[in-house]
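Here is how the chains run, residue by residue.
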Amino acid sequence: VASLPLTRSPTRAGAEGARNLNRLGDVQIDRALEGLQGWVREGNEICKEYRFGDFAQAFRFLTGVAFLAHGADHHPEIWNVYNRVRLRLSTHDAGGLTARDIELAQAIEDFL
Ligand code: HBI
């Protein structure tokens, strides 16, 4: 674990990296979810449940999620029991869903 990078990626540098706190509207959210297989909206959050072969595979996935979240400076709520994982995303600073949530969900799906 010691070799795993703990520095945040510089992708958020500059004005474009400022926390985009513009809340998404219903149409924008629905459209974004069309491209996120298995993700569903629950109020001001989007969430997905995953089921892996065993605990080790689930936790390997969660390790990747942890580094994606750290690099994005955007963190999901994580639930795990044995081979099951549930992720929930919302932008707490905005009190709802923003592009940051969609971007991280997409990055997590790309990692799968
Ligand atoms: N993660 N999901 C989520 N929502 C946030 O609003 C949020 C976050 N991670 C960090 C963060 N906000 C900021 O407080 C820090 O970047 C300072």
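Our subject is the structure that appears above.
Below or above, wherever it landed, is the structure these notes cover. Only a predicted model underlies this, so the values are computations on that prediction, with no experimental measurement involved. (Residues numbered from 1 in each chain as written. Predicted model: local features only at pLDDT ≥ 70, side-chain atom pairs only at ≥ 80, totals over all residues. Heavy atoms only, no water.)

1. Topic: unusual backbone geometry
Link 1 in the chain: At Asp73, a position not held by glycine, the phi torsion is positive, near 55 degrees.
Link 2 in the chain: Take Asp73: it is sitting in the loop between helix H2 (55–72) and strand S3 (77–81).
Link 3 in the chain: Among the residues examined, Asp73 registers a relative accessible area of 26% and is labelled partly exposed. (Helix = DSSP H or I, 4+ residues; strand = E, 2+ residues; numbered from the N terminus. Buried < 20%, exposed > 50% of the residue type's maximum accessible area, 1.4 Å probe, protein only.)

2. Overview of the nonpolar core
One broad rule of soluble globular proteins: the nonpolar side chains tend to lie buried together.
Link 1 in the chain: Among the nonpolar cores identified, the biggest contains 22 residues, and Trp39, Ile46, Tyr50, Phe61, Val85, Leu87 and Ile108 are the most heavily contacted of them.
Link 2 in the chain: Broken down by secondary-structure element, the contributors of at least two residues to this core are helix H1 (26–34), strand S2 (45–51), H2, strand S4 (84–89) and helix H3 (99–111).
Link 3 in the chain: Looking at this core, the element that brings in the most residues is H2, giving six residues.
Link 4 in the chain: Those residues within four positions of Phe61 in sequence are excluded, and the remaining contacts are Tyr50, Phe52, Val85, Leu87, Ile108, Phe111 and Leu112. (Core = buried A, V, L, I, M, F, W, Y, C linked by side-chain atoms within 4.5 Å. Contact = heavy atoms within 4.5 Å.)

3. Details of the sheet that holds S2
Link 1 in the chain: Spatially, the four strands line up as an open sheet ordered S1-S2-S4-S3, and their pairing is antiparallel. The two strands at the open ends of the sheet, each matched to only one other strand, are strand S1 (40–42) and S3. Pairs of neighbouring strands in the sheet enclose a mean axial angle of 25 degrees, with direction left out of account.
Link 2 in the chain: Docked against the sheet, H3 engages S2 and S4, running at close to 15 degrees with respect to S2. (Pairing = 2+ DSSP bridges. Axes fitted to C-alpha atoms, helices over the stretch in contact; angles between N-to-C directions.)

4. Brief notes about the site of the ligand
Link 1 in the chain: By nearness alone, eight residues border the ligand, and Asp73, His75, Ser90, His92 and Asp93 come closest of all.
Link 2 in the chain: With respect to the ligand, the side chain of His75 contributes an N or O atom lying 2.8 Å from a nitrogen atom.
Link 3 in the chain: Contact between the ligand and Asp93: an oxygen atom at 2.9 Å from a main-chain N or O atom of the residue.
Link 4 in the chain: When isolated, the ligand has an accessible area of 390 Å², and the protein chains bury 71% of it.
Link 5 in the chain: Across the shell around the ligand, the residue classes tally to no nonpolar, five polar and three charged. (Near = heavy atom within 4 Å. Polar contact = N/O pair within 3.5 Å; in protein donor to acceptor, adjacent residues only side chain to side chain. Areas by Shrake-Rupley, 256 points an atom, 1.4 Å probe, with all protein chains shown as cover. Nonpolar A, V, L, I, M, F, W, Y, C, P; charged D, E, K, R; others polar.)

5. Overview of H2
Link 1 in the chain: The end-to-end C-alpha distance of H2, which contains 18 residues, comes to 25 Å, matching closely the 26 Å that a straight helix rising 1.5 Å per residue would cover.
Link 2 in the chain: Taken together, the buried positions of H2 are Ala58, Phe61, Leu62, Gly64, Val65, Ala69, Gly71 and Ala72.
Link 3 in the chain: Contacts made by the buried residues of H2 are with S2, S3, S4 and H3.
Link 4 in the chain: You can read the cap of H2 off the contacts: a side-chain oxygen lies 3.2 Å from the backbone nitrogen of Ala56, and it is on Asp54.
Link 5 in the chain: Backbone geometry just after H2 places Asp73 at a positive phi near 55 degrees. (Expected span 1.5 Å × (residues − 1).)

6. Focus: the packing of H2 against H3
Link 1 in the chain: The contact between H2 and H3 brings their axes to 10 Å, and the two run at 145 degrees. H2 and H3 meet at a crossing whose hand is right-handed. On H3, the residues that touch Arg60, Phe61, Gly64, Val65, Leu68, Ala69 and Ala72 of H2 are Arg100, Leu104, Ala107, Ile108 and Phe111.
Link 2 in the chain: Tallied by class, the residues present in the contact of H2 with H3 amount to nine nonpolar, one polar and two charged. (Left-handed = near helix turned anticlockwise from the far one by under 90°.)

Geometric descriptors of this kind do not, in isolation, establish any biological role.
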